[in-house]
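A closer look at the structure
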Amino acid sequence: MVKANSQDRVLALLDLFTEARPQWSPEELMKELGYTRPTLYRYLKSLKDSGFVMPTRGGRFALGPRVVEMDYLSRRSDPLIATATPHLERLAAAYPCTALIVRWYGDKMLCVASIASAVAPASSYPRGRPMAMGRGAIARSIMAFLPKQRVMPLVSRYADDLRNVGVGDTPDDVLAALKRVRRAGVAVAFGEVTAGAVGIAAPILDTGYPIASLCITIGGQHANGELIDRISSEVREAARQISAAADDDAKQSHHLRFNLTKCQ
């Protein structure tokens, strides 16, 4: 067995703070992680001094202000947010909806930007809230563009969810449904994540590989077939333009690295 280094052990500690369990006592942390008391308190002191965790009532710990600072820096520095924001603003102005950009990592999706124009927004994706990939248009818009060796673990892991929302009863059924999404360039889901909401999502690609999804969620009372088709077309085109900008950024970065290498 490979022994985890200190950095991995600190990250394992931070990973325990979740929406379901945002606070932990030292005793709970020791029991969960198996760290000795001196080791745990050394990590907690380092994280507290740097602002990543903070003490709360009852001797418990929660995530600290440094996390909020890093969220602000992420908003300011993420080129995807900067590129996508005009598209989100345009779509939100055109329809009573929530327009979102959702990145994915591992087997989770995370909203990084959203603009709502509806009086009562129909969305379960606030910025920073991780969501699993078994349901919804966003998940399928990403999964449909993954290579088979990358998508099959997700199909297996979320087989129950995919079956329950009608995507498919078998892996072959799910792959066939994802192929249809890929052909259409957009995924549509009805009430799979938020009751009464329609989700319409298209992938954002970087050199052909999905890195995020652009999605519109709109209340079902506003949506009919014609409107869904129109929004689908606009979402697909907006995602294409954002993807093109990402490809341009990647090419410029490669060109810069190439020139710097030549100068060395």
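Along each chain, residue indices are assigned from 1 in the same order as the chain's sequence is written. Predicted model: local features are reported for residues with pLDDT of at least 70 only, side-chain atom pairs are reported and counted for 80 or more only, and whole-chain, interface and lining totals are derived from all residues. Just so you know, side-chain values use all the structure's heavy atoms and leave hydrogens and water out.

1. Here's the deal with the overall build of the protein chain
Test applied: A run of H or I in DSSP becomes a helix once it reaches four residues, and a run of E becomes a strand once it reaches two; helices and strands are each numbered from the N terminus. When accessible area is computed with a 1.4 Å probe and restricted to protein chains, residues below 20% of their type maximum are described as buried, those above 50% as exposed, and intermediate ones as partly exposed. We call two residues contacting when some pair of their heavy atoms lies within 4.5 Å. Areas reported as accessible are Shrake-Rupley estimates using a 1.4 Å probe. Residue values count occlusion only from the protein chains shown.
For the protein chain, the helix and strand inventory stands at ten helices and eight strands. Here the protein chain holds 264 residues, and 39% of them are scored as buried. Expressed as a percentage of contacts within the protein chain between residues at least 6 apart in sequence, the contacts between residues at least 24 apart total 55%. Within the structure as shown, the protein chain displays about 14700 Å² of accessible surface, and the carbon and sulfur contribution to it stands at 55%.

2. Remarks on the pattern of salt bridges
Oppositely charged side chains can pair when the atoms bearing their charge come close. This is how it is decided: Here, a salt bridge means any side-chain nitrogen of Lys or Arg that lies within 4 Å of a carboxyl oxygen of Asp or Glu.
For the structure on display, the rule yields 16 salt bridges. Between D107 and R157 there is a salt bridge, with its nearest N and O atoms 3.3 Å apart. Of the two residues, D107 sits in the loop between β3 (97-105) and β4 (108-116) while R157 sits in helix α7 (residues 148-157), which places them 50 residues apart along the sequence. Two residues, R135 and D161, come together in a salt bridge whose shortest N-O distance is 3.4 Å. Of this pair, R135 sits in the loop between β5 (130-132) and α6 (137-143) while D161 sits in helix α8 (residues 159-164), and the two are 26 residues apart along the sequence. A relative accessible area of 24% means that D161 is categorised as partly exposed. Among the charged side chains, a network of salt bridges with common partners joins R21, E28 and R60.

3. Some remarks on the packing of helix α2 (residues 26-33) against helix α3 (residues 37-49)
Operational definition: A fitted line through C-alpha atoms represents every axis, and for helices the fit uses only the stretch in contact; the resulting angles, taken between N-to-C directions, go from 0 to 180 degrees. For a crossing to be left-handed, the near helix must be turned anticlockwise from the far one by less than a right angle; the clockwise case is right-handed. Ten residues, namely Ala, Val, Leu, Ile, Met, Phe, Trp, Tyr, Cys and Pro, are considered nonpolar, four, namely Asp, Glu, Lys and Arg, are considered charged, and the remaining ones, Gly among them, are considered polar.
Following both chains from N to C, one finds α2 and α3 inclined at 115 degrees, their axes separated by 10 Å at the closest point. The two elements α2 and α3 cross, and the hand of that crossing is right-handed. Only R37, L40, Y41 and L44 of α3 make contact with α2, whose side of the interface consists of P26, E27, L29 and M30. For the contact of α2 with α3, the class distribution of residues is six nonpolar, no polar and two charged.

Functional significance is not addressed by these values, which are geometric in nature.
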